Structure formats: C-alpha cells, structure tokens
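Residue-level structural notes
Spelled out from the first residue to the last, the chains are:
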Amino acid sequence: MKAAPIVPSSPHVMNTYGRLPIALTHGKGCRVWDVNGKEYLDALAGIAVNTLGHGHPKLVKALQQQVADMIHCCNYYHVPGQEELAKLLVERSGLTNAFFCSTGLEANEAALKLARKFGHDKGIEKPQIVVYEKAFHGRSIATLSATGNPKVQAGFGPLVEGFIRVPANDLEALKKATQGNPNVVAVFFETIQGEGGINPMRAEYLQGVRALCDANDWLMMIDEVQCGMGRTGKWFAHQWAGIKPDVMPLAKGLGSGVPIGAVVAGPKAANIFGPGNHGTTFGGNPLSMRAGIETIRIMEEDGLLQNAARMGTLIQTKLVTALMGKKGVKEVRGQGLMIGIELEQPCGVITQRAADAGLLLSVTADNVIRLVPPLIISGAEADEIVARLLPIIETFLKEQG
Ligand SMILES: *Cc1c(COP(=O)(O)O)cnc(C)c1O
C-alpha cells in the first residue's frame, strides 16, 4: 500500500479543491489510513458516499467478480443489472421507473430536463422550476443555476433561466412566488439540504408542497442525492413525512463508492422521456449496477437502516447533551447519520484539527460541522466520533471567547 508522497500543490492537477495535506491509501470498515500510516476514523465517508464503509468483504467480492465478467457495454444493449436495480429502487420508493447515470449532477440534470419536457408536453413554452435558498444541486451550468449559493455561481454566468427561488419551510412564500404563474412546472429541493448546512425541510412543509403540486399539476422533484439511500434511517428522507415525490435524483451513497446516479420517477414523470430524449455513455453500466444492487442487498442483510437511525440518535443525543446552551453553539440537527453542528462563527479550521486528532469530517456552509459516517458504524465508533470531536469544538469555542 505504498503511494507517491503528497505534493502540496500539484503542477498537473487543476487547482479546484481546497485540499487537506493528507493522502489516503486504504481503508477497512470505518477506518482509513494515509501514506504515513496514520489512522483516521471516517465520519465523512467520502461525502456521504461510502455507505458500507471501506473494503466491505461482500461488496469487494461481488465487484471483483463483476470486473472480471464485464465493466461496461453501453446502452445499445439491454443491461440486466439495470432491470434488477430499477426494481429494487422502485420497490423501496413506491415509484415506478428509473434512469441511470453516473453522478449526482447528472441525475439532477435529468430531473430538470424531465420538468421542462413535462411543461412542453402540455404546451408551456417557457417552463419555470421552483428552487430554494441554500440549495445545492451540482456544478454543471444548469445545476449550479438551480443551486442557491452565490459562491458556486460566481464567474459562470449567464446562468440558466427558468428558476424561481424561494426560502425553505415557508409555504406562504412558495404560494406567493408562484401565484397565478401558468409557467411553473415543478418544485425542486433536497429533503435535508446537505452542502447548505444540514437544513431539514419540515414534515408539514413537505406535505403542504405535495398538496400544492397535486393541485397545480406540478412535478414534486426531491434531490435525495445526499440524504437518500438509508442515511436518515429510512430508504429516502422524504419518507419520514409520509409523502412520495414524482421525481427523485439519487447518487452518492447508492453505489458505496462506485460512481452511480439514478433518477427514480413515479407515474406522472415515468413516461416523459422517450427514445432519443436523454442518455449517457456510462450510465447503467454493469459495474455500477452491481455496486447499487449489492449495496441495497447488504444494507438489508446487515440491518443498516435501523443501524443508521440508532447510531444517529446516539451521536446526536450525546452532542446535544454536551453542546446545547453553550456559548457559540447555535444548533445540533439532522436525522440518522446526517448530522450538523452549527456554530456561531465560521469554523473551517476544525476540519484540519479533527484530522490531526484522527477524525475525518467536513465543515459546510462555513459554520456547520457535518458528520456523515458510513452506515455500518458501530456503537463504539459512534462514541469515539463524539469523544474525539468534543474537545476540538470546546477548544474552538474557548478561542472565540
Ligand atoms: C453532492 C450533491 C450533488 C452533486 O453530486 P455530484 O455527484 O457531485 O455531481 C447534488 N445534489 C446534492 C443534494 C448533493 O449533495
């Protein structure tokens, strides 16, 4: 497991990330190691991607076999794995059809195209889609236009038109923004905003939006790229509110690390695309399908939804007990293993300090510490996350005075 020594700024790789001076080489379960042999507890999971942690024996075995059998063949042919994974996804979501791609932004692009064609099919020439403040949907031109973070958009104008932006959890604001507008075709949001700072949509709000979408014949499109795939303790985070979307983009955790994206659609959106309307070379390849199928199978065999709910409650309860009411702490929030600790001050330095202490996590939206560990995490590891993190937060708060 030897890797090249890390270079602080590579002469050949584009400088697009603010990277930590750490190079990871391998992992096992919820632990990873760097080139120097230092061990870390992984509470980031490659940004909510490594559902089964690292090197899960059942997944490794299945993927090794699939690599040997076939990696890619393209969509000129039927891919049996697509049928199998689509069936697993529709059974768990209560929706009806899936389209496969390779990343989150591609899943969202497909959703945006579905919404526009949904409009065109009923004679709306300039369809408009409702999006949200603090939303994150990806970094393609259309998805960054839908994103509600000016930093993501800066330098990339002109933005794609046809979006109406509203604040989260405010049904009146949504009604007002769309009042008498015949061009609205869809409402598009994350059940729990991830990059925006772990901001959940309330159940009553989701139910209200569902009713509004039904009343106006709009598509309800829920970006579950980060909060979906069992992370919150249900297959999909919106299921806590007892509603169903019409369109649901997925990616991140779906393949436990193998690049994969999907758009799952219900009856209202399942037949909008016909042959020639959409496609992608890599989408639905046999390797990524195997990763998705095995991820779901293993999640069920190992009871990982229940584990995510239990471990999430354990971590959140400990954090709330230790931090709530402390000066400099705004809120501890989230669901299952998607947890945010919002501080009063920007706290990006905590990422490096946690890594120094052997804990991988991220800080998002400037002042929200984000914990999204693998769903296989044990009680002892959950305790360890809290034990390593609390002193770092306490030191940070003391420095702030
Ligand atoms: C990460 C993320 C995306 C973008 O996914 P990529 O695979 O990076 O393109 C879109 N939506 C949400 C909610 C995300 O968290």
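Here the structure is a predicted model, which is why all the values come from computation and not from measurement.

Remarks on the UniProt feature "modified residue: N6-(pyridoxal phosphate)lysine" (unreviewed entry) in the protein chain
UniProt marks Lys 252 with the feature "modified residue: N6-(pyridoxal phosphate)lysine" (unreviewed entry), using the numbering shown here. Tracing the backbone shows Lys 252 in the loop between β11 (247-250) and β12 (261-265). Those residues in contact with Lys 252, other than ones at most four positions away along the chain, are Ile 47, Ala 48, Val 49, Val 225, Gln 226 and Ile 260.

Brief notes about empty space enclosed by the protein
Within the structure shown, the criterion is met by 1 cavity of 30 Å³ or more. The calculated volume of the largest cavity comes to roughly 40 Å³. In this structure, the largest cavity is lined by Ala 48, Thr 51, Gln 226, Gly 228, Met 229, Arg 231, Gly 253 and Leu 375. Considered class by class, the residues forming the lining of the largest cavity number 3 nonpolar, 4 polar and 1 charged. Counting only domains with at least three residues in the lining of the largest cavity, you end up with domain 1 (24-55 + 303-399) and domain 2 (70-301).

Here's the deal with the site of the ligand
The local shell around the ligand consists of Thr 103, Gly 104, Leu 105, Asn 108, Phe 136, His 137, Glu 190, Asp 223, Val 225, Gln 226 and Lys 252. The separation between a nitrogen atom of the ligand and a polar side-chain atom of Asp 223 is 2.8 Å. Between an oxygen atom of the ligand and a side-chain N or O atom of Gln 226, the distance comes to 2.7 Å. Here the ligand has 390 Å² of accessible area as a free molecule, and 81% of this is covered by the chains.

Let's talk about the layout of surface pockets
Looking at the second largest pocket, its volume works out to about 700 Å³. Taken together, 28 residues make up the lining of the second largest pocket; nearest its centre are Gln 82, Ala 98, Phe 99, Phe 100 and His 278. With 4 residues, strand β4 (residues 97-101) is the single largest residue contributor to the lining of the second largest pocket. Residue composition of the lining of the second largest pocket, grouped by class: 15 nonpolar, 12 polar and 1 charged.

Digging into the pattern of salt bridges
Throughout the structure, instances matching the rule amount to 25 salt bridges. Glu 300 is the partner of Arg 92 in a salt bridge, and the nearest nitrogen-oxygen pair spans 2.7 Å. Here Arg 92 is found in helix α3 (residues 80-93), whereas its partner Glu 300 is found in helix α9 (residues 286-301), with 208 residues between them in sequence. Owing to a relative accessible area of 17%, Arg 92 belongs among the buried residues under this scheme. Residue class for Glu 300 comes out partly exposed when judged on its relative accessible area of 40%. When the shortest N-O distance is used, the salt bridge between Arg 210 and Asp 214 registers 2.8 Å. In this pair, Arg 210 and Asp 214 are both assigned in helix α8 (residues 203-216), 4 residues apart and thus about one turn of the helix distant. Because the salt bridges share partners, they merge into one network encompassing Arg 31, Glu 39, Glu 384 and Arg 388.

Let's talk about the sheet that holds strand β17 (residues 368-371)
Spatially, β13-β14-β17-β16 is the arrangement adopted by the 4 strands of the open sheet, whose pairing is antiparallel. Every interior strand has two partners, whereas the edge strands, β13 (329-335) and β16 (362-364), have only one. Taking each pair of neighbouring strands and ignoring which way they run, the sheet shows an average axis angle of 25 degrees. Note: β16 against β17, 3 bridges, orientation antiparallel. What sits directly across from Val 363, in β17, is Ile 369. Each of β13, β14 (338-343) and β17 touches helix α12 (residues 379-400); the most contacted strand, β14, lies at about 15 degrees to it.

Analysis parameters
Sequence order as written defines the numbering, with residues in each chain counted from 1. Whole-chain, interface and lining totals are the exception, using all residues; otherwise, since this is a predicted model, local features are given only for residues with pLDDT of at least 70 and side-chain atom pairs are given and counted only at 80 or more. Only hydrogens and water are removed before side-chain values are computed, so all heavy atoms of the structure are retained for them. UniProt positions are given in the numbering used here, feature names are shortened, and annotations may be inferred rather than shown by experiment. Elements are defined by DSSP. Helices are runs of H or I of four residues or more, strands are runs of E of two residues or more, and each kind is numbered from the N terminus. Only heavy atoms enter the contact rule, under which two residues are in contact if any of them lie within 4.5 Å. Here a cavity denotes a set of grid points, spaced 1 Å apart and computed over the protein atoms alone, in which a 1.4 Å probe fits but from which it cannot get out, and a pocket denotes an open set meeting protein on both sides within 12 Å along at least five of seven lines; residues with an atom within 4 Å of a point are reported as lining. Grid points are joined across faces, edges and corners, and a volume is the space filled by probe spheres set on the points. Under the scheme applied, nonpolar residues are Ala, Val, Leu, Ile, Met, Phe, Trp, Tyr, Cys and Pro; charged residues are Asp, Glu, Lys and Arg; polar residues are all the others, including Gly. Domain segmentation is taken from an automatic or database assignment of domains. Consider each residue's heavy atoms; a residue with any of them within 4 Å of a molecule or strand counts as near. N or O atoms within 3.5 Å of each other form a polar contact, as long as, within protein, one can give a hydrogen and the other can take it, and as long as residues adjacent in sequence are counted only when both atoms are side-chain atoms. Accessibility throughout is a Shrake-Rupley quantity obtained with a 1.4 Å probe, and a residue counts as covered only by protein chains that appear here. Salt bridges, as used here, are contacts in which a Lys or Arg side-chain nitrogen is within 4 Å of a carboxyl oxygen on Asp or Glu. To sort residues, take the accessible area from a 1.4 Å probe on protein chains only and compare it with the maximum for the residue type: under 20% means buried, over 50% means exposed, and anything in between is partly exposed. Strands are treated as partners if at least two bridges between them are detected by DSSP. Only C-alpha atoms enter the line fits that serve as axes; for helices the fit covers just the stretch in contact. Angles between N-to-C directions range over 0 to 180 degrees.

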